[in-house]
Amino acid sequence: MGEQPIFSTRAHVFQIDPNTKKNWVPTSKHAVTVSYFYDSTRNVYRIISLDGSKAIINSTITPNMTFTKTSQKFGQWADSRANTVYGLGFSSEHHLSKFAEKFQEFKEAARLAKEKSQEKMELTSTPSQESAGGDLQSPLTPESINGTDDERTPDVTQNSEPRAEPTQNALPFSHSSAISKHWEAELATLKGNNAKLTAALLESTANVKQWKQQLAAYQEEAERLHKRVTELECVSSQANAVHTHKTELNQTIQELEETLKLKEEEIERLKQEIDNARELQEQRDSLTQKLQEVEIRNKDLEGQLSDLEQRLEKSQNEQEAFRNNLKALLEILDGKIFELTELRDNLAKLLECS
């Protein structure tokens, strides 16, 4: 089956400075994928990360390795075969803890594989095994295990902690977010229109007051002119001049009446605009209520997502426990098969001797 990825995450990758042994040197410009691989042929676990086509991490996990958390989002381990120390900067403490758990898990699996390999090598070195053929091979050779007991991780200053990339495991609510943004845009448009209509209404109200004052002044002027005409008609003996002046005054009054009519039409138009503004206000209130309902729906969906994530994590834990139990049963079955093979060979020898 070859080598298969079994767990992946994203992080900033660093290596210790080979000269100072204290400062970190970034090996990736941005967050890259860091994966655990399992080689079923050699029964080993490796940590591999690629930046484009360049391998920036290629570390085989051994029982002697230790993964150390130096901060809430940064961890490191030493690889004696590569003669370096790797550092990873994560976007959150949760991703760091998950990576550390997997490291401890695969380290323990590597230890068990090493012990099993040593036991098989000891069994193959006994005379009974040599007489049985001696063709059994260990699934993991000593050359495939790296690392020493005296590995030490260097001291890392707090200032060398990297800036982690944002996580990509979140599940966005694309549909509900689009609806929410749509209603927010509609609400903003209505607010702008409402502000414009309010300003226009205030201006129109001020104009109406001004026009009413002008109209009252025009009416007073008209009354004064009528009185003046009456006085002129009574006093003046120049009938033609009075008639001409009266005609002019009548024309002025007609113009004022036409102006008054136009102002009244303008007042009716402004009333209609006020009614439209009230309708827009009602629409805005309705959209606000719908937006609140969408927000409540989003909160419900977020709660459902959290519950699903908890169920998924629980299911993964159960599957992992089942895999571990299955591995243990397979190891027991291998031992029983080996014992039955040895018993068969012994029986065959007895038959030959008899």
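The name an unreviewed UniProt entry gives the protein is Homer protein homolog 1, with Homo sapiens as the organism. The UniProt entry for the protein carries the following text under Sequence similarities (unreviewed entry): "Belongs to the Homer family."

Pulling in residues and values, what's your account of the overall build of the protein?
The helix and strand tally for the protein stands at 4 helices and 8 strands. Reading the secondary structure of the protein in the N-to-C direction produces β-β-β-β-β-β-β-β-α-α-α-α. Long-range pairs, those at least 24 residues apart, make up 63% of the contacts in the protein between residues at least 6 apart in sequence.

Mind laying out the pairing of strand E7 (residues 74-79), listing which residues take part and the relevant values?
For E7, a buried count of 6 out of 6 residues is recorded, marking the element as mostly surrounded by other parts of the structure. Side chains Phe-74, Gln-76 and Ala-78 project from E7 onto one buried face, and the interleaved Gly-75, Trp-77 and Asp-79 project onto a second face that is buried too. Relative to E7, strand E6 (residues 68-69) runs antiparallel, the two being bridged by 2 bridges. Note on E7: the bridge partner recorded for Thr-68 is Gln-76. Between E6 and the antiparallel strand that follows it, E7, lie 4 residues. Inspection of the sheet shows E7 paired to strand E8 (residues 84-89) by 6 bridges, in the antiparallel sense. Paired with Ala-78 across the two strands is Val-85, which belongs to E8. Counting the residues that bridge the hairpin from E7 to E8 gives 4 residues, and of these Asn-83 lies at a positive phi of roughly 55°.

If you had to explain the pattern of salt bridges to someone new, which residues and values would you point to?
Enumeration according to the criterion identifies 12 salt bridges in this entry. The closest approach of N and O atoms between Arg-111 and Glu-108, which form a salt bridge, is 2.1 Å. In this pair, Arg-111 and Glu-108 are both assigned in helix H1 (residues 93-124), 3 residues apart and thus about one turn of the helix distant. Classification of Arg-111 by relative accessible area gives partly exposed; the value is 28%. Here Asp-345 and Arg-344 are joined by a salt bridge, their closest N and O atoms 3.7 Å apart. Residue Arg-344 is classed as exposed on the basis of its relative accessible area, which comes to 60%. Sharing partners across several salt bridges, the network here consists of Glu-108, Arg-111 and Glu-115.

Residues and numbers for the confidence of the model for the protein, please.
This prediction gives the protein a mean pLDDT of 79; 81% of its residues lie at or above 70. Mean pLDDT values over the elements of the protein span from 43, in helix H2 (residues 127-131), up to 94, in E6. In this model, residues 127-175 is a region of pLDDT below 50 whose contacts with residues beyond four sequence positions or in other chains number 95 contacts.

So what's going on with the nonpolar core? Which residues, and what values?
Judged by nonpolar contacts, the single largest core of 22 residues is most densely connected at Tyr-36, Ile-47, Ile-57, Trp-77, Leu-88 and Phe-99. Among the secondary structure elements, those contributing two or more residues to this core are strand E1 (3-16), strand E3 (32-39), strand E4 (44-51), strand E5 (54-60), E8 and H1. With 5 residues, H1 is the single largest residue contributor to this core. Counting residues in hydrophobic clusters, the runner-up holds 6 residues, among them Ile-16, Trp-24, Phe-74 and Ala-78.

Tell me what's going on with the environment of Glu-221, and back it up with residues and numbers.
In this structure, Glu-221 sits in helix H3 (residues 174-235). When the C-alpha atoms of Glu-221 and Ile-253 are compared, they prove to be 9.4 Å apart, with 32 residues separating the residues in sequence.

Which residues make up unusual backbone geometry, and what are the values?
Here Lys-21, not a glycine, exhibits a phi torsion of approximately 60°, which is positive. Here Lys-21 lies in the loop between E1 and strand E2 (24-26). The backbone of Asn-43 sits at a positive phi, close to 60°, despite the residue not being glycine.

Help me get a handle on a nonpolar patch on the surface, residues and values and all.
Taken together, the side chains of Phe-322, Leu-326, Leu-329, Leu-330, Ile-332, Leu-333 and Ile-337 present a nonpolar region at the surface, about 690 Å² in accessible area. Position of Leu-326 among the secondary structure elements: in helix H4 (residues 239-353). Classification of Leu-326 as partly exposed rests on a relative accessible area of 40%.

Tell me about the packing of aromatic side chains, and please be specific about residues and values.
Scanning the model with the defined rule gives 14 aromatic pairs in all. Relative to Phe-99, the ring of Trp-77 has its centre 6.3 Å away and its plane inclined at 35°; by these criteria the two rings are tilted. Linking Trp-77 in strand E7 with Phe-99 in helix H1, this pair joins segments that are 22 residues apart in sequence. In terms of burial, Trp-77 and Phe-99 fall into one category: buried. Consider the rings of Trp-77 and Phe-103, whose centres lie 6.0 Å apart with planes at 50°: the pair is tilted. One end of the pair, Trp-77, is in strand E7; the other, Phe-103, is in helix H1, with 26 residues separating them in the sequence. Among the residues examined, Trp-77 registers a relative accessible area of 0% and is labelled buried. On the basis of relative accessible area, Phe-103 is assigned to the buried category, the value being 1%.

Rules behind the numbers
Residues numbered from 1 in each chain as written. Predicted model: local features only at pLDDT ≥ 70, side-chain atom pairs only at ≥ 80, totals over all residues. Heavy atoms only, no water. UniProt positions renumbered as here; feature names shortened; annotations may be inferred. Helix = DSSP H or I, 4+ residues; strand = E, 2+ residues; numbered from the N terminus. Contact = heavy atoms within 4.5 Å. Buried < 20%, exposed > 50% of the residue type's maximum accessible area, 1.4 Å probe, protein only. Pairing = 2+ DSSP bridges. Salt bridge = Lys/Arg side-chain N within 4 Å of Asp/Glu carboxyl O. pLDDT = per-residue confidence, 0-100. Core = buried A, V, L, I, M, F, W, Y, C linked by side-chain atoms within 4.5 Å. Patch = residues over 30% accessible without salt bridge, like charges linked within 9 Å, V, L, I, M, F, W, Y side chains within 5 Å. Areas by Shrake-Rupley, 256 points an atom, 1.4 Å probe, with all protein chains shown as cover. Phe/Tyr/Trp six-rings, centres within 6.5 Å; stacked < 30°, edge-to-face > 60°.

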